[in-house]
Amino acid sequence: MRLFAAVLPPESVVRELASEVDELVRLPGAEALRWTGRPGWHFTLAFYGEVDEELVPDLSERLARAAHRTDPFPVSLRGGGHFGGRALWVGAAGDLGTMRLLADRADAAARKAGIPMGHHRPYHPHLTVARSRASARFEAYVTALGAFEGQEWTVGELCLVRSRLPKSGVPGEQPRYEAVARWPLGAAG
């Protein structure tokens, strides 16, 4: 299974971001970008790739402990940026220290469960809203996102998400994401 650990924004935050993205897709050149689908908006904490099903129970147990040891925390969407000319993202504000801690714990859970994770990089919270196959110029979009500040919400759970990549070959088809497990954050979990 292709898996990752994530924070999923609540529906009210998704609607708010959708309004902002609707404005971005009206900018010149937006039709050349691949805009991510609203059902797939998430903050990836740790990407695991293809995981042998035999490792999933141990991974799940370790993620449950990571969630239990991490208190709920406030976060909001704010601003934006890009990774080279390939991805446009919306950033985060709030208790990013706890979000980074949760990302580190999700990474460590996989390593301890025997999932090869490659080089560990410092976590940079972002929610991808568009991608480009060729190198794109995202400056106008980043400028437009500069004043964006979404409502604050409390992150209260850690999710294990399964990603199903498109197989049909239909242009514009999006990956499908399914939360296969959720654990509440904090000692109450």
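Residues numbered from 1 in each chain as written. Predicted model: local features only at pLDDT ≥ 70, side-chain atom pairs only at ≥ 80, totals over all residues. Heavy atoms only, no water.

Describing the nonpolar core
Piece 1. In terms of nonpolar packing, the biggest core is built from 54 residues, with Trp-35, Leu-45 and Tyr-48 touching the most fellow members.
Piece 2. Sorting elements by how many residues they give to this core places helix α3 (residues 96-112) first, with 7 residues. (Core = buried A, V, L, I, M, F, W, Y, C linked by side-chain atoms within 4.5 Å. Buried < 20%, exposed > 50% of the residue type's maximum accessible area, 1.4 Å probe, protein only. Helix = DSSP H or I, 4+ residues; strand = E, 2+ residues; numbered from the N terminus.)

Topic: the packing of aromatic side chains
Piece 1. This structure, assessed with the given rule, holds 4 aromatic pairs.
Piece 2. Between Phe-4 and Tyr-177, the ring centres sit 5.7 Å apart and the planes meet at 80°, which makes this aromatic pair edge-to-face. Taken together, the positions of Phe-4 in strand β1 (residues 2-7) and Tyr-177 in strand β9 (residues 176-184) put the pair 173 residues apart, joining distant regions of the chain.
Piece 3. Overall, Phe-4 belongs to the buried group, its relative accessible area being 3%.
Piece 4. On the basis of an interplanar angle of 65° and a centroid distance of 6.3 Å, the ring pair of Phe-138 and Tyr-141 is categorised as edge-to-face. We note that Phe-138, like Tyr-141, is buried. (Phe/Tyr/Trp six-rings, centres within 6.5 Å; stacked < 30°, edge-to-face > 60°.)

Comments concerning the side chain of Thr-70
Piece 1. Within the element layout of this structure, Thr-70 appears in the loop between α2 (56-68) and β4 (73-83).
Piece 2. Of the polar contacts made by the side chain of Thr-70, one reaches the backbone oxygen of Ala-66; its length is 2.8 Å.
Piece 3. Thr-70 has contacts with Thr-98, Leu-102, Arg-105, Leu-185 and Gly-186, leaving out every residue within four places of it along the chain. (Polar contact = N/O pair within 3.5 Å; in protein donor to acceptor, adjacent residues only side chain to side chain. Contact = heavy atoms within 4.5 Å.)

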